[in-house]
Amino acid sequence: MDLRNITLISFGFFEKDLLTRVADSVKQEYPFDIIIKEGYLDLSEYFDPVRRQYNGNSLLKVIDTSYAVDDDKTMGLFSVDLFIPILTFIFGQAFLRGRCGIASIYRLSNERYGIKNDDDLLLDRFKKEVNHELGHTFGLIHCHNPVCVMRSSTYVEDIDQKSWTLCPKCREELNLIPGAR
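Quick look at the structure, then.

## Here we look at the layout of surface pockets
Okay, step 1: If you add up the space inside the largest pocket, you get close to 380 Å³.
Okay, step 2: As for the largest pocket, its lining consists of 16 residues, and the residues nearest its centre are Leu 87, Phe 89, Ile 90, Gly 92 and Ser 153.
Okay, step 3: For the lining of the largest pocket, the secondary structure elements donating two or more residues are strand E7 (87-90), strand E8 (92-94) and helix H3 (119-137).
Okay, step 4: Residues belonging to the lining of the largest pocket are distributed by class as follows: five nonpolar, nine polar and two charged.
Okay, step 5: The computed volume of the second largest pocket comes to approximately 310 Å³.
Okay, step 6: Looking at the lining of the second largest pocket, the elements that each hand over two or more residues are helix H1 (16-29) and H3.
Okay, step 7: At four residues, the largest contribution of residues to the lining of the second largest pocket is made by H3.
Okay, step 8: For the lining of the second largest pocket, the residue count by class is six nonpolar, one polar and five charged.

Below you can see the structure in the form of structure tokens.
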């Protein structure tokens, strides 16, 4: 099966310019047609009142079952605080070699950390997170190259230190995956 499209589905309010710029960065790393859509979910079903966060595992599953298409890669884009049971928070997650992933802009803004707003930095971080999770859907694992987008990011500072592009080793691995090129 050959990949036809990468679909970015926004759940919540995102400015069109931000989505377009994220889509442009995806297109540069993964040269497929990029589709931007709006999705609608009752997020209250995924909210954990004890943690006051949204369950990333459950959101990933609903994107997979209700929005993903077999011949596409699909990314659900959110603006809520995500968690999985074993971690305090996550920026995103994806099914390794799967058809979908999720990313949230919530913890990527400087204001969350008491720092002055920086829209360019916020965009840069979100591009990195989306490209990182898409890499997982193609089967790429975490990379040890400090500037590769596939490097693991526990904290927002980790995201700042890496690029939004694949390193040569990860690019080569991606090129070897059937249907990825």
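## Describing the packing of aromatic side chains
Okay, step 1: A full pass over the atoms with the stated rule returns seven aromatic pairs.
Okay, step 2: Judged by centre distance (5.7 Å) and plane angle (5°), the ring pair of Phe 14 and Phe 126 falls under stacked. One end of the pair, Phe 14, is in the loop between strand E1 (5-10) and H1; the other, Phe 126, is in helix H3, and 112 residues separate them in sequence.
Okay, step 3: Ring centres 6.1 Å apart and planes at 10° place the aromatic pair Phe 32 and Phe 138 in the stacked group. Here Phe 32, found in the loop between H1 and strand E2 (33-38), pairs with Phe 138, found in the loop between H3 and helix H4 (156-161); they are 106 residues apart in sequence, far enough to count as distant. Neither residue differs from the other here; Phe 32 and Phe 138 are each classed as buried.
Okay, step 4: Among the aromatic side chains, those forming a connected cluster through ring pairs are Phe 11, Tyr 67 and Phe 78.
Okay, step 5: Taking NZ or CZ as reference, Lys 73 lies 5.0 Å from the ring centre of Phe 138, over its face.
Okay, step 6: Cation over ring: Arg 112 sits above Tyr 106, and NZ or CZ is 3.7 Å from the ring centre.

Parameters and conventions
Residues numbered from 1 in each chain as written. Predicted model: local features only at pLDDT ≥ 70, side-chain atom pairs only at ≥ 80, totals over all residues. Heavy atoms only, no water. 1 Å grid on protein atoms, 1.4 Å probe; cavity = no way out; pocket = protein on both sides within 12 Å on 5 of 7 lines; lining within 4 Å. Points joined across faces, edges and corners; volume = space filled by probe spheres on them. Helix = DSSP H or I, 4+ residues; strand = E, 2+ residues; numbered from the N terminus. Nonpolar A, V, L, I, M, F, W, Y, C, P; charged D, E, K, R; others polar. Phe/Tyr/Trp six-rings, centres within 6.5 Å; stacked < 30°, edge-to-face > 60°. Buried < 20%, exposed > 50% of the residue type's maximum accessible area, 1.4 Å probe, protein only. Lys NZ or Arg CZ within 6 Å of the ring centre and 35° of its normal.

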